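Residue-level structural notes
Residues per chain, in single letters:
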Amino acid sequence: MTKFIFVTGGVVSSVGKGITTACLGRLLKDRGLKVTTQKIDPYLNVDAGTMSPFQHGEVFVTDDGAETDLDLGHYERFVDLSLSQLSNVTTGQVYGTVIRKERAGEYLGQTVQVIPHLTDEIKLRISAIAEHDQADIAIIEIGGTVGDIEGQPFLEAVRQMRRELGPGNSLFIHVTLIPYVGPSGESKTKPTQHSVRELRNIGIQPDVLLCRSRRPLSKEMREKLSLFCDVAPEAVIEGLDTDSIYELPLTFEDQGFGDLVADRLGVNGKPDHTEWKKVVQRIRKPKQKITVAMVGKYMALKDAYISVTEAICHGGIANSAQVDVKRVDSEEIEKHGAAKLLKGMSGIVVPGGYGDRGVEGKIQAIQHARENGLPFLGLCLGMQCAVIEFARHVCGWKDANSAEFRSDTEHPVLDLLPEQEGVTDKGATQRLGAYPMRIMPGTNARKIYGSARASERHRHRYEVNNTFRSELEDRGLVTAGVSPDGSLVELIELPDHPFFLGSQFHPEFKSRPNRAHPLFREFVKAAAKYAPAQ
Ligand code: GLN
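A brief structural summary. (Residues numbered from 1 in each chain as written. Predicted model: local features only at pLDDT ≥ 70, side-chain atom pairs only at ≥ 80, totals over all residues. Heavy atoms only, no water.)

Topic: the side chain of Gln160
Spelled out, the test is: Going along the chain from the N terminus, every DSSP run of H or I of four or more residues is numbered as a helix, and every run of E of two or more is numbered as a strand. What qualifies as a polar contact is a pair of N or O atoms within 3.5 Å, subject to a donor-acceptor requirement within protein and to the restriction that residues adjacent in sequence count only when both atoms come from side chains. Residue contacts are defined here by distance: any two heavy atoms, one from each residue, within 4.5 Å place the two residues in contact.
Looking at where Gln160 falls in the secondary structure, it is placed in helix 6 (residues 152-165). Polar contacts involving the side chain of Gln160 include one to the side chain of Glu156, which spans 2.7 Å. The contacts of Gln160, once residues within four sequence positions are left out, are Ile115, Thr119 and Lys123.

Structure (structure tokens):
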């Protein structure tokens, strides 16, 4: 039988619930338990696919093609698992199902209500993931903050589940912020007390408090939190900022968090963090420091490309290098030129994106990388920009472009797939999720992957246009990876360059701190060898 851990948040949002959930998953996995995770997002969108990365950060993509909240990326990276669409539940999905069932007459004349119909549907979805993933432990993170109107049906559903599951089979962890009030130099527990009171109002008593704080919690503060919030003193865990998020599981373990949770759920087992400790050691003792540029559009928000940033970091871990990622807005390149903005960089990554804003700047950056032997990795739109750049400056097709940006060009080197023609709905209609790829013999990619086949995750509508493929190849653009029937280009590369590779897919989603994705591993290796012009 699966045991459940419910993670709620209080005081403020963005306090690190996702990472805490992910860390806890690692602590339990290292005890030999089968762990799965689920994120509940109380917004009305059916999924994150239609949400702007400016507002909500990156859209993460699972193997089965779900467009999800970025927290699933944290879960996959920390727990080293591959999640499915069942791991992201939204209000939009739950209401959608309940309304469909009502129209189908499945409620047999009843009045359809939030309790029990909506809450039953929520409970079904929570149980479904545990069953689907055959998990010993399912960690369910409820997005938002206690007290939000949107979150109430979900909190009510998990309140009901606690009783239904019976004693010892569930655990509630409340993640809060302990603010540090500047002038008096004090850390304050009061917001946490209020937040726990709010949680109790809806019938939930937390078992563990995880307090994010800039300063260590004093003994007095722990006692106060324990007394007022009614949790055991050892169940007050502090979450201090660390240099690297990957150190967090070990700092939690040091405080007894893993033992406490395992003990309360009756699943004791000795933790074996050998593999994780190796990751942390490499992070702490880099042999080299380099800076690579990430050239894109959504640069103001760090989370907009979080999987890409993490994958670059994993490439660093694999090469014992500390890689600082400098976010460069491609519109700035349009204004000031690539040479100026990319000075001192050891490599550039151009990630995915949509729409034509900033595209010319990305193309300029790629031209700079191609002409100067600067290591380049292009991801999805980044790869498409590399094809445009090559078509314009090597093949001499000055008007080359993607049909996404210009419909009147004679050289649409990227075009819609036939099945995308006429698609008007935006949600879940792109080419999504894992597809197999064949990697061509004799290519750099084949060496990097060490294999003739791979499966990678996709999220895009446009593809390299086969009309121009042989001409591009004749001029030296190597098609290094293709779909099994050869009809779609998956990977391109340039042979006479230290590292110039573009993927139509998103390798960043499959990278792990303990197992960097090969493309990122080799990109960082090449960047570490490159001596940047100062
Ligand atoms: N806009 C491009 C497309 O739809 C690239 C998408 C992406 O980078 N994820 O094909």
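Let's talk about the site of the ligand
Inclusion rule: Whether a residue is near a molecule or strand is decided by its heavy atoms; if any one of them lies within 4 Å of it, the residue is near. Every accessible area reported is derived by Shrake-Rupley at a probe size of 1.4 Å, with residue values counting cover from the shown protein chains alone. Throughout this entry, Asp, Glu, Lys and Arg are counted as charged residues, while Ala, Val, Leu, Ile, Met, Phe, Trp, Tyr, Cys and Pro are counted as nonpolar. The remaining residues, Gly among them, count as polar.
Taken together, Gly352, Gly353, Tyr354, Cys380, Leu381, Gln384, Glu404, Arg459, His460, Arg461, Tyr462 and His506 make up all the residues around the ligand. Gly353 places a polar main-chain atom, nitrogen or oxygen, 2.9 Å from an oxygen atom of the ligand. One of the backbone nitrogen or oxygen atoms of Arg461 is found 3.0 Å away from an oxygen atom of the ligand. Burial of the ligand by the surrounding chains reaches 98%, relative to a free accessible area of 300 Å². Breaking the shell around the ligand down by element, the ones donating at least two residues are helix 16 (381-393) and strand 19 (453-460). Residues belonging to the shell around the ligand are distributed by class as follows: 4 nonpolar, 5 polar and 3 charged.

Digging into the sheet that holds strand 6 (residues 137-142)
Definition in use: At least two DSSP bridges between two strands are needed for those strands to be called paired. Lines fitted to C-alpha atoms define the axes here, with helix axes fitted over just the stretch in contact, and angles between the N-to-C directions of these axes take values from 0 to 180 degrees.
Strand order in the open sheet made by the 7 strands is 5-2-6-1-7-10-11, with parallel pairing throughout. Strands with a single pairing partner mark the edges of an open sheet, and in this sheet they are strand 5 (88-90) and strand 11 (236-240). Neighbouring strand axes in the sheet, compared pairwise and without regard to direction, differ in orientation by 20° on average. As judged from the 3 bridges shared by strand 2 (residues 35-41) and strand 5, these two strands associate in the parallel manner. Looking at strand 5, one finds that Ile40 is bridged to Val89. Helix-sheet contacts for helix 7 (residues 190-201) involve strand 1 (3-9), strand 7 (170-178) and strand 10 (208-213), and the interaxial angle to strand 7 is about 145°. Helix-sheet contacts for helix 8 (residues 219-229) involve strand 7, strand 10 and strand 11, and the interaxial angle to strand 11 is about 130°.

Focus: the sheet that holds strand 18 (residues 431-439)
If you walk across this open sheet you meet the 9 strands as 13-12-14-15-23-22-21-18-19, and the pairing is mixed. The sheet is open, and its two borders are formed by strand 13 (321-329) and strand 19, each paired with just one other strand. On average, adjacent strands in this sheet sit at an angle of 25° to one another, irrespective of strand direction. Two strands pair when backbone bridges link them, and strand 18 and strand 21 (residues 478-482) are joined in this way by 2 bridges, in the antiparallel orientation. Across the sheet, Arg438 pairs through a bridge with Val482, a residue of strand 21.

Focus: the environment of Tyr354
Keep this limit in mind: The cut-offs for exposure are 20% and 50% of the maximum accessible area for each residue type, with area from a 1.4 Å probe on protein chains only; residues under the lower value are buried, those over the upper are exposed, and the others partly exposed.
Tracing the sequence through the fold places Tyr354 in the loop between strand 14 (348-350) and helix 15 (359-372). Take Tyr354: its relative accessible area is 32%, and that puts it in the partly exposed class. As a C-alpha pair, Tyr354 and Leu381 span 27 residues in sequence and 7.4 Å in three-dimensional space. Those residues in contact with Tyr354 that sit more than four places away from it in its chain are Lys297, Tyr298, Leu381, Glu404, Gln430 and Arg459. Among the polar contacts made by the side chain of Tyr354, one reaches the side chain of Gln430 at a distance of 2.9 Å.

Digging into the pairing of strand 23 (residues 500-503)
Burial of the side chains of strand 23 extends over both faces: Phe500 and Gly502 are buried on one face and Leu501 and Ser503 on the other. Relative to strand 23, strand 15 (residues 376-379) is paired through 4 bridges, and the arrangement is parallel. Along strand 23, the bridge assignment pairs Leu377 with Leu501. Here 3 bridges tie strand 22 (residues 489-493) to strand 23, and the two strands are oriented antiparallel to one another. Each residue of the ladder has a partner; that of Glu493, found in strand 23, is Leu501. Here strand 22 folds back onto strand 23, and the loop between the two strands holds 6 residues.

A few points about the environment of Pro441
Looking at the secondary structure, you find Pro441 in the loop between strand 18 and helix 17 (444-449). For the pair Pro441 and Glu522, spaced 81 residues apart in sequence, the C-alpha separation works out to 18 Å.

With respect to the packing of helix 12 (residues 306-318) against helix 19 (residues 518-529)
Put simply, the rule reads: Handedness of a crossing follows from how the near helix is turned relative to the far one, being left-handed for an anticlockwise turn of less than a right angle and right-handed for a clockwise one.
Running from N to C, helix 12 and helix 19 cross one another at 65°; their axes reach a closest spacing of 8 Å. As for the relative orientation of helix 12 and helix 19, their crossing is right-handed in sense. Within the contact between the two elements, helix 12 uses Val308, Ala311, Ile312, Gly315, Gly316 and Ala318 and helix 19 uses Phe520, Arg521 and Val524. The residue makeup of the contact of helix 12 with helix 19, split by class, is 6 nonpolar, 2 polar and 1 charged.

A word on unusual backbone geometry
Residue Ile115 is joined to Pro116 through a cis peptide bond whose omega torsion reads 10°. Despite not being glycine, Ser320 has its phi angle at roughly 50°, a positive value. Here Ser320 shows up in the loop between helix 12 and strand 13. Residue classification places Ser320 among the buried positions, given a relative accessible area of 12%.

Quick look at the nonpolar core
Where we set the bar: Here, the term nonpolar core denotes a set of buried Ala, Val, Leu, Ile, Met, Phe, Trp, Tyr and Cys residues that are joined through side-chain atoms within 4.5 Å.
Counting residues in each nonpolar core, the largest one holds 41 residues, and the members touching the most others are Ile5, Leu28, Ile173, Phe257 and Val261. Non-local contacts of Ile173, meaning those with residues more than four positions away in its chain, are made with Ile5, Phe6, Val7, Thr8, Leu24, Val208, Leu210, Phe257 and Val261. Counting residues in each nonpolar core, the second largest holds 39 residues, with Ala293, Val295, Val387 and Val413 among its members.

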